[in-house]
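Now for the letters of each chain:
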Amino acid sequence: MTLSRGLLLLSLCLPLSISSQAAFALSKDEIRLRQNQRIELPTSPVGRAVTDAFTLFESGNSLAAVDLLLATNPQTDYDKAFINKFIGNLYATVDGQEFKAHQYLEAAVEKEVLNYKEHGEVLQLLAQLTMMSKQYLQAIDWYNKWMRYTNQADAQAYVRIAAAYFELGRYGNVIYPAKKAIELGGKGLEGYRFIIYAYHSLADYRHAAEYAQQLYQQDPSNEENTALLAYLYLKSFQSQKTIALFEPKLKDKTITPKMFYLYARANADQNKPKRCLELMTGYADEFKLTDNDDYWAALGYCQEKLGNHKLAAEHYQQAWANKEKSEYLINRGKNLLAAKQLSLAVEVLQQAIEVKRNNPHQAQLYLAQAYYHQNKLSEAKKYLELAAGDKRLSDEVKLWLEKVGSKI
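Residues numbered from 1 in each chain as written. Predicted model: local features only at pLDDT ≥ 70, side-chain atom pairs only at ≥ 80, totals over all residues. Heavy atoms only, no water.

Things to note about the nonpolar core
Definition in use: By nonpolar core we mean a set of buried residues, namely Ala, Val, Leu, Ile, Met, Phe, Trp, Tyr and Cys, connected to one another through side-chain atoms within 4.5 Å. Residue burial is assigned from relative accessible area. The probe radius is 1.4 Å, only protein chains are included, and a residue is buried under 20% of its type maximum, exposed over 50%, and partly exposed in between. Here a residue-residue contact requires only that any non-hydrogen atoms of the pair lie within 4.5 Å.
Counting 130 residues, the largest nonpolar core has Leu 69, Ile 195, Ile 196, Phe 246, Ile 255, Phe 260 and Met 280 as the members making the most contacts within it. In contact with Met 280, not counting residues within four places along its chain, are Phe 260, Tyr 261, Ala 264, Leu 289, Tyr 295, Ala 298, Leu 299 and Cys 302.

Remarks on the state of the cysteines
The cut-off we apply is this: By disulfide we mean two sulfur atoms from cysteines, separated by a distance within 2.5 Å. Numbering of helices and strands starts at the N terminus; helices are DSSP runs of H or I of at least 4 residues and strands are runs of E of at least 2.
All told, the structure shown has one disulfide when counted by the stated rule. Each sulfur of the disulfide joining Cys 276 and Cys 302 lies 1.9 Å from the other. Disulfide Cys 276-Cys 302: the torsion about the S-S bond is -60°, which places it as left-handed. Residue Cys 276 is located in helix H16 (residues 273-282), and its partner Cys 302 is located in helix H17 (residues 293-306); the two are separated by 26 residues in the primary sequence. For the pair formed by Cys 276 and Cys 302, the shared burial category is buried.

Regarding the confidence of the model for the protein chain
As a reminder, the rule being used: pLDDT is a residue-level measure of predictor confidence that goes from 0 to 100.
Confidence in the prediction of the protein chain, expressed as mean pLDDT, is 88, and 90% of residues score 70 or more. A low-confidence stretch, residues 3-25 (pLDDT under 50), is modelled with 63 contacts involving residues beyond four sequence positions or located in other chains.

Some points on the packing of aromatic side chains
What counts here: Between the rings of Phe, Tyr and Trp (Trp by its six-membered ring), a pair exists once the centres lie within 6.5 Å; its type follows the angle of the planes, with under 30 degrees stacked, over 60 edge-to-face, and the other angles tilted. Two conditions define a charge located above a ring, namely a distance within 6 Å from the ring centre to NZ of Lys or CZ of Arg, and an angle within 35 degrees of the ring normal.
Tallied over the entire structure, the rule returns 16 aromatic pairs. Seen in terms of ring centroids, Tyr 158 and Tyr 176 are 6.5 Å apart; in terms of plane orientation they differ by 90°. Their pairing is edge-to-face. Taken together, the residues Tyr 158 in helix H9 (residues 155-167) and Tyr 176 in helix H10 (residues 171-184) connect sequence positions 18 residues apart. A relative accessible area of 5% means that Tyr 158 is categorised as buried. Classification of Tyr 176 as exposed rests on a relative accessible area of 53%. Put simply, the rings of Phe 166, Tyr 171, Phe 194 and Tyr 197 pair up and form one aromatic cluster. In this structure, Lys 145 is placed above the aromatic ring of Trp 142, and the distance from its NZ or CZ to the ring centre is 4.3 Å.

Quick word on unusual backbone geometry
Positive phi, close to 60°, is recorded for Phe 237, a residue that is not glycine. Relative to the assigned elements, Phe 237 resides in the loop between helix H13 (223-235) and helix H14 (239-251). In this structure Phe 237 comes out as exposed when scored by relative accessible area, which is 73%. Backbone geometry places Asn 271, a non-glycine residue, at a positive phi of 60°. Looking at where Asn 271 falls in the secondary structure, it is placed in the loop between helix H15 (257-269) and H16.

Points about the environment of Ala 298
With respect to the helices and strands, Ala 298 occurs in helix H17. Along the sequence, Ala 298 and Ala 268 sit 30 residues apart, while their C-alpha atoms lie 9.9 Å from each other. With residues up to four places along the chain from it excluded, the contact list for Ala 298 reads Tyr 261, Arg 265, Cys 276 and Met 280.

Next up, the structure:
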């Protein structure tokens, strides 16, 4: 991935607005000294070469511009760093030259001889480039170096650090930079989403719901944020709050289909499965509840709570037919297991494991139970041991391992 020509003209990186000071390594006096240092300029030969190279770049000849700069013979440390900065900038705009861009930009900041603003720009660009090329650990390092160098905290930089940790699957590390982004405001609103997703990924649904509520309060008219909050209320066993959130919308007819499905599920969770089914069938035409995966999944949930597991499994199959989401296979398999259709449950759960390779543990747990009921104890033990890879399932896995062990 390369940076656009427009971005090169704008210091070749997305601007990171300085938001507030943070307690980094350098003192205010040291920062002030850097900012007020004498501005150094390139020597005349280097200055002319850069001017000519920029003309070539503007005419669409980035590599010719690079060749021109490579032919120069800078003598001072500043000239060398200045040339390396410009070459790195040019390579950043050429497809497939990301490595060379990194190489020259890192050389530009190695001796820290560039002017204060120039050095900061290169650090920003290195952070941006490594983020774009999915080198997330390096991106985190460069964003932190930029903030330490300037002794400033930046909301958008913290958002990107949070995003990098999220992409790495290090969800616990997402929380601090996301909180910092929120504290700094502005673009920090994006921090809410990362902290919500991080807590959700850690199965800490209470904290996820708390931050979803804060996000919702920023703009209660935002339908996406409203649905997210309602969903997290359900996940954190606060279904009564989902009902309270949506009942006014049901009365004034402003409830959306997505909200309606969550509202119906909340009623089922409040030991009102019949009410759930009545809502789904009684309002289908009025609220244009269509034949889609959400509709069939919500119907399946209602039937599951009513104990109609065979019918619930059929509804989840219809949801899967509309959209192939692994959770529909898992829920279908779970209900087939409850309906004692063990052979079909095994088949469906094996498919779910194949589909959800990155996190198959819940499906593995249900599959182990199906094998247990088929008296295939070695298979049951095998899948229980695999399911133990998810610590959230440890208590349930332990219970089933004891059951299997008592029969072997």
